[in-house]
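Per-entry structural report
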Amino acid sequence: LGLTSSLDIGLIEGVDITYKLTYGFHQMKMPALSRTSNLNSWKHEGSIRIPLCKVLSLETLTEYYHNEVAQKKFKDVFFQDFTLKFQASHFDLSLSLNNILNKKNYGYGINGTLSSSFSNQDIRGRELMLSFYYKPWYKSLMHFLFYPKLVIRKSFLSFSNDRFGLTRSYLA
């Protein structure tokens with residue numbers, strides 16, 4: 001089971017604040033032991049976008065994970081990112097500093113009476129990324145209505161939407 005709820009706030013003109021909560025419920029039935037194991041997970045995401053001038057903005061993203069790794073045992077992890085974004089009519093340029101706290105792994109161990117288990121997941125460390133987005137302009141209204149907007153992205157260091165992904169690209 002997965003539930004997601006989000007809230008977008010715009011109390012101050014030009015400043016965007018968002019909050020998103022994702023809840024997950026995982027159940028494993030073990031008929032041989034006549035048991036059922038239930039685990040819960042929560043992911044909190046918050047972002048703030050502050051315009052510095054007409055074409056320049058500062059964005060921050062905070063992620064907090066609260067995962068149940070065993071019955072009533074939780075693992076917490078926190079991430080913070082900052083992005084400085086320049087937006088022009090035909091291109092965007094952004095400079096991002098991701099994983100500011102430089103978390104490099106997500107690991108935990110569980111010791112039980114009859115067994116023990118350990119999990120360790122490597123995470124991309126702190127990274128600085130410069131991105132260029134090209135947005136072509138079409139003079140024809142028909143192009144605008146019937147063709148999707150073409151966005152070309154060039155990442156000079158590394159990029160992945162998934163923090164726990166193992167993909168790295170350089171000058172991709």
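Just above sits the structure.
Read on for a plain summary of the structure. (Residues numbered from 1 in each chain as written. Predicted model: local features only at pLDDT ≥ 70, side-chain atom pairs only at ≥ 80, totals over all residues. Heavy atoms only, no water.)

1. What to know about the overall build of the protein chain
Check the secondary structure of the protein chain and you find 1 helix and 10 strands. For the protein chain, buried positions account for 24% of its 172 residues. Here the contacts in the protein chain between residues at least 6 apart in sequence split such that 42% fall between residues at least 24 apart. Carbon and sulfur atoms make up 61% of the accessible area of the protein chain, which amounts to about 12200 Å² in all. (Helix = DSSP H or I, 4+ residues; strand = E, 2+ residues; numbered from the N terminus. Buried < 20%, exposed > 50% of the residue type's maximum accessible area, 1.4 Å probe, protein only. Contact = heavy atoms within 4.5 Å. Areas by Shrake-Rupley, 256 points an atom, 1.4 Å probe, with all protein chains shown as cover.)

2. Examining the pairing of strand 2 (residues 16-30)
Looking down a regular strand, the side chains alternate between one sheet face and the other. Both strand 1 (residues 2-9) and strand 2 contribute to a ladder of 8 bridges, which runs antiparallel. Directly across from Ile-9, in strand 2, lies its bridge partner Ile-17. The pairing of strand 2 with strand 3 (residues 35-51) spans 15 bridges and is classified as antiparallel. Residue Ile-17 lies in a different strand from strand 3, and its bridge partner there is Ile-48. (Pairing = 2+ DSSP bridges.)

3. Considering the pattern of salt bridges
Scanning the entire structure with this criterion turns up 5 salt bridges. Residue Asp-16 is joined to Arg-49 by a salt bridge in which the shortest nitrogen-to-oxygen separation is 3.6 Å. In this pair, Asp-16 sits in strand 2 while Arg-49 sits in strand 3, placing the two residues 33 residues apart along the sequence. Given the relative accessible area of 38%, Asp-16 is considered partly exposed. Of the residues examined, Arg-49 reaches a relative accessible area of 25% and is grouped as partly exposed. Its salt-bridge partner being Lys-43, residue Glu-63 comes within 3.7 Å of it at the nearest N-O pair. A residue pair is termed long-range when its members are at least 10 positions apart, and Glu-63 in strand 4 (residues 56-70) and Lys-43 in strand 3 qualify at 20 residues. Overall, the relative accessible area of 23% leaves Lys-43 in the partly exposed class. By sharing partners, the salt bridges in this structure join Lys-20, Lys-43, Glu-45 and Glu-63 into a single network. (Salt bridge = Lys/Arg side-chain N within 4 Å of Asp/Glu carboxyl O.)

4. Here's the deal with the side chain of Ser-57
Among the structural elements, Ser-57 can be located in strand 4. The class of Ser-57 is buried, set by a relative accessible area of 2%. Those residues in contact with Ser-57 that sit more than four places away from it in its chain are Arg-49, Ile-50, Pro-51, Leu-52, Thr-83, Leu-84 and Lys-85.

5. Brief notes about the environment of His-26
With respect to the helices and strands, the residue His-26 is situated in strand 2. Ignoring anything within four residues of it in the chain, the contact list for His-26 reads Ser-37, Asn-38, Leu-39 and Ser-41.

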